[in-house]
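The primary structure of each chain is shown beneath.
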Amino acid sequence: ANRRRWLLDSGALQLACVCSCLNFLKTMAEQSAESHFSQPEPSTVTFFVNGTKVSCNDVDPELTLLQFLRTKLGLPGTKLGCAEGGCGACTVMVSRYLFDEKRIRHFAVNACLAPVCSVHCCAVTTVEGIGSTKTRLHPVQERIAKSHGSQCGFCTPGIVMSMYTLLRNNPQPTQAEMESAFEGNLCRCTGYRPILEGFKTFTKEFCCRGPGANNQCCMSMKDDDGVEVSTALFDVSKFTPYDPTQEPIFPPELMLEEQQRNRSSLTVRGKRVTWHQPLSLPELLTLKKEYPDAKIVVGNTEVGVEVKFKNQLYPTIISPAEIKELHVVESTDSALTVGAAVSLTHFGYVMEKLVKDLPEHKARVLLAFLDMLRWFAGHQIRNVAAIGGNIMTASPISDLNPLLIAAGSTLAFASADGGQRTVPFTADFFTGYRRVAAKKDEVLVSVTIPFTKQNEYFFGFKQARRRDDDISIVNAGMRVLLTSGSSEGAVQKIEECSLIFGGMAATTVAATATEKLLVGKEWNEEVASIASTSLLESLPLDASAPGGMIEYRRSLTLSFFFKFYLAVTDCIGKIPSAERSALSRTERSLTKSSVMFQEVPADQPVEDVVGRPLTHLRAQHQASGEAVYIDDMPNFADQLYMSFVVSSKAHARIKSVDASKALAMSGVHHFISVSDVQGSNVSGPVLEDEVVFAEDTVHCVGQVVGAVLAETQQHAREAAQAVHIEYEELEPIITIEQAIEANSYLYERSIQKGDMEAAFAASDIIKEGEMRVGGQEHFYLETQTSMAVPGEENEMTIYTSCQNISCSQRLAAKALGVPDNRVVCKVKRMGGGFGGKESRSCLYSAAVAVAARKSGRPVRFMLDRDEDMSITGTRHPYLVRYKVGFNKSGQVTALEVDLYSNAGWCLDLSRAVMIKSLTSIDSCYAWPNLLARGHVCRTNLPSNTAFRGFGAPQAMIVMESIITDIAAWCDLPVEDVREMNLYKKDSVTFYDQVIEDNNLLRCWKEVIARSNLADTKAKAADYNKANRWKKRGVAVVPTKFTISWAPEEFLSQAGALIHIYRDGSVLVTHGGSEMGQGLHTKMVQVCSRVLGIPTSKIFISETSTDTVPNTSPTAASLSSDLYGQAVKIASEKLRDRMLPYKTNAPTASWEDWVNSAYFDQVQLSAEGFYKTPQKPHEPDSLVCGGFYYFVYGAACSVVDVDTLTGDMQVLKTDIVMDVGNSLNPAIDIGQIEGGFVQGLGLFTLEESVISPKGFLFSRGPGTYKIPGFGDIPMEFNVALLRSAPNDKAIYSSKAVGEPPLFLASSVFFAIKDAISSARADAGQHGAFRLDSPATVERIRMACVDHLTQQVPPVDKTAQSWNVQP
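One structure accompanies this document, and this report is about it. No experiment lies behind these values; they were computed from the predicted model shown.

The rules behind each value
Residues numbered from 1 in each chain as written. Predicted model: local features only at pLDDT ≥ 70, side-chain atom pairs only at ≥ 80, totals over all residues. Heavy atoms only, no water. Axes fitted to C-alpha atoms, helices over the stretch in contact; angles between N-to-C directions. Helix = DSSP H or I, 4+ residues; strand = E, 2+ residues; numbered from the N terminus. Parallel < 35°, antiparallel > 145°, perpendicular 65-115°, else oblique. Left-handed = near helix turned anticlockwise from the far one by under 90°. Contact = heavy atoms within 4.5 Å. Nonpolar A, V, L, I, M, F, W, Y, C, P; charged D, E, K, R; others polar. Buried < 20%, exposed > 50% of the residue type's maximum accessible area, 1.4 Å probe, protein only. Polar contact = N/O pair within 3.5 Å; in protein donor to acceptor, adjacent residues only side chain to side chain.

1. Structural notes on the packing of helix α33 (residues 1119-1144) against helix α34 (residues 1150-1159)
Logical step 1: It is at 9 Å that the axes of α33 and α34 come closest, and there the two elements cross at 115 degrees. For the element pair α33 / α34, the angle class is roughly perpendicular. Of the two possible hands of crossing, α33 and α34 adopt the one that is right-handed. On the side of α33, the interface is formed by M1138, Y1141 and K1142, while α34 contributes W1150, W1153, V1154, S1156 and A1157.
Logical step 2: Of the residues that constitute the contact of α33 with α34, the class distribution is six nonpolar, one polar and one charged.

This is the structure:
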């Protein structure tokens, strides 16, 4: 405490000194403004980047800040992840001096959306500007690295900048403020927990708990068996203290009032777009008169997306950033007036202050707005998006417009000729989709929101796929004015009523008929009934309405009004306690977490880091933005950019391809097509059934037809869109059902054990069922990217973000018509992979190589997020049909199951995926009789491919669903049914492999104990009895994951090459690719142990086919097993060669031994090769004699479900995972958490939306939602199973990458448990179907009640807007 006080006092003194210096600098600067600061020309954009002044008089207004930073200033730390402001990878801090308030404001911004012109007179700070490994890391960078919060690292700079901005505004935030800061950031690797845990150390609540027993760390302890365990993955005491006084100062030049007074309006003219930034309202109005079609842009959050993804071109852009009238915020006794350019962040800040001062009844309307803003996008968007933009863009799912209209707001417009006018803001203001009733020359100046009256009640509602940073499915603003009750208990009638909805039509709409019907009615239960019937009539939805989810959306309108009725009733009286659960959503508490792992033996040398939580070796470089990804590599002087030309049809013959218009465009050099392939156009990672470029026929939307080469990326993309393809359309097959009907299969296989007929005959109960399991987009933050550099003698070097560089080498060589030895493929790191870069990236690399060969120049290629999602495929969707037999006791007897996967148009890895499904269908259960048939369906979708878990999660969740339903059919506790059927030691699987240990049961028992399951279920039951509209569910699920390359056992081989240099440094290369999973870090740990040297002496640079040939894919969770052994073998060779020198001079240094060996002409380079021991097997066996070993785990999850909307929150998850003797507990726990959260997306959230014609609607973070920071369990506990060595892998460890993912199904089944309680309240008992993912739509519609039963079913014969693939 004394130390903290000293730091604070000294910090205050330093801050005072800094402020004094700033005042002096400001004074001196103002006195010498004319001599030192030349007034910029009106066309010059001036701003600061990391303290350096940037002045541009030729900047293109179409350029985003991100493009400018990366291409003009050479600052690649800020990443491009989505280009729509949805992932946060591009986050930077923008600082502006507010002259009226005399203060500096810092705000996080999406650089991918912000026009570079918008930062005129601002200071921009990027991740490079706050710290570096070459100088000093900023504490934010240091802590995310040391707390293991960076895996692939692509998202890390954006997360760092969100945290940094928060600290610049608030040096000691609360934990809630810290967690909120990341609402606009996504990470696909970590599972978020380590990031929050590291940054928690900046918050007010953080407190190191000090030493524990015997003066040991409080995070170390012994378990019940006396085994030394630890719960700390990093040492807080080693963090550099954060001193806010040491931050860079804001540029004094930007604070000069004289320069501000003398500023001119800004006009920047580009080739296609002109940017105007006027300084006064009259000037703005004059510009709007002159350019009536001009777009007025504040945050560019809507226009930027339209330009990028809808190919809109707006020749004139006007920025009102300097117009005071548009930034006004004024409150009177009756209303709040907000300028149209006021940001949503500032709007919220103003309302928070007013709510504290206003009487309760007046503040009701503001509280509704504040609640809605909480779920409106992320901070990066709210910081720049304006309230006026929400109105004028006329989005039918705007979150604010329903509230503004329901509140009775008024809009103030102004024009150069018409002066000012004020109009009531009603639903009629929207004249059509994205159209408003304003005149073209008018500018929205402000909006006035009246405060609520004494008997007026106001609430807003929203439901989205995900809580944080998501657009609405349906939203609403509801207001009612009741008559004054003259006495307590007096009848109150409805005087006024406003019911405004978004998401129910092409515009925001009012339920006018319902409003009129309710006026004059008494406020009682009859109102809810009348409104429900009327709303269904007032808000119809056609079966083909855009957005789909017809029944769900209609049910939401009823649910929202029912919630509104209960909320108002609660305000004026009392409602039954069980009904109160409808009033509010489950609020997220502060995230809590714990980890537990076994300590290394007490006698293990300190320098031996195997088994210790070593930080990812490149985490600090990733946190500082210094880590280089493919698109960050320096430009070649003569390089070209490539953009694909892809099919817009799902199935068609190509009649003609006309690239003449594209080739005539500025900067365009070549069009590449099948005619340019000098080798073979036929390609494919396994079965060569696809092509590099389409020839006569296209088989899916997104199939590559050709490519354009141009001088810039933008030129290439624009030219690619100009290529015209004429088609003759053919009938496509999109869904599994369509493929079954057409008998369209790529591969079929079955596996059987036992006599099925006899087994079913002996079963007490037989049931049949069906379940659908959706696919999943990989959503690696770094999209598919490659760069090809041609050399002499037909050489080609390919830098690629790829998990399978030998396949990339082979396919490129084949397309080029050269031997493999002329092609070298390299990968330093990937920004995530998850299987999506195992095979698909190889085909794209081949196309890049063809382009480089034709042009004779280096060619760069990087897919945009929408392109990547449209063409690269997903996890395989499955349809599973089964027949199950079991006894009344719950003991399983027989299962017959057909698994249908949607493979897309070509085989890719779908055969192996289906085999994984067939051999995983048993999950963790001993089936005496089982027949599984696999059908790989050929459809006209992009080829689906590998994904973490391969085909196992799809099969295993069906099995767990069957077990859950068996428990329901038998009226038994599901945990009992699971446990009685679990594999035990010496059990035999249906493919005749013996279970050699009892670790599955150990994990099961331990997670039940850690989660205190009995008490947890009892509390959930009590909660459910007390709450009608919120339900709590609990589920425990085990997992058994098979580890092997079976049936492709030839892939179970690995190579490594190690060099020792004369200075003692060691260079390790191996065939595995680093994609964030910590493979390189583990390999350094292995090498360090064998050689007995510090990890600081060992370096891994890259993976390359010219150092280790014939590599297997970095996949199947086997890389540490395989490459660890290869590195160990190579290291042992070198250790043995060094041993004589170490023996002869035991006190000498490592460097001395190396030099002695060198002078004795000892080879200081060694290769290592490893292959897994082969087991005897039948030639046609699916599993080649059995899997190498199994990885086990178990998880218990608790969820809360809002049965009226389907909204869900994970309250707690406990995981126990068997990873053998962990090589690195920090990395392994990170893989467990990351895999779990990715599985959480698979089973509850992520859903691809596809049209009946095969067009993908969900092609970015705006429409496809992966879990965010706010979706992880509120309490997240992970423990590694202790004393469980595995003698089949390197240093007794186990694979960890894929096995944990399935544990997220515990959330799915906890949801199903909660739904069961809701259904029971409605009189619905027994088993029911719930497909995966358990989205808000599926949850709500499964919770049958009086509202859902009123919604008429959709006409199944009508053409729907989307289909389930």
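Continuing now.
2. Structural notes on the packing of helix α35 (residues 1225-1244) against helix α36 (residues 1305-1321)
Logical step 1: Where α35 meets α36, the axes come as close as 8 Å, and the angle between the chain directions of the two elements is 40 degrees. On the basis of their axis angle, the class for α35 and α36 is oblique. Contacts from F1236, L1240, F1243 and T1244 in α35 reach S1305, S1306, V1307, F1308 and I1311 in α36.
Logical step 2: Among the residues forming the contact of α35 with α36, the class breakdown is six nonpolar, three polar and no charged.

3. Brief notes about the environment of D755
Logical step 1: Checked against the element boundaries, D755 lands in the loop between β32 (745-753) and α23 (756-762).
Logical step 2: By relative accessible area, D755 is classed as partly exposed at 46%.
Logical step 3: Taking the C-alpha atoms as reference points, D755 and K493, 262 residues apart in sequence, are found 71 Å from one another.
Logical step 4: A distance of 3.3 Å separates the side chain of D755 from the backbone nitrogen of E757, its partner in a polar contact.
Logical step 5: Within the structure, the side chain of D755 is placed 3.2 Å from the backbone nitrogen of A758, a separation counted as a polar contact.

4. Re the environment of E896
Logical step 1: With respect to the element layout, E896 can be found in strand β39 (residues 892-902).
Logical step 2: By relative accessible area, E896 is classed as partly exposed at 22%.
Logical step 3: C-alpha of E896 to C-alpha of N635: the two residues are 261 residues apart in sequence and 57 Å apart in space.
Logical step 4: Excluding residues within four positions of it along the chain, E896 makes contact with M756, F760, R881, Y882, K883, L931 and R933.

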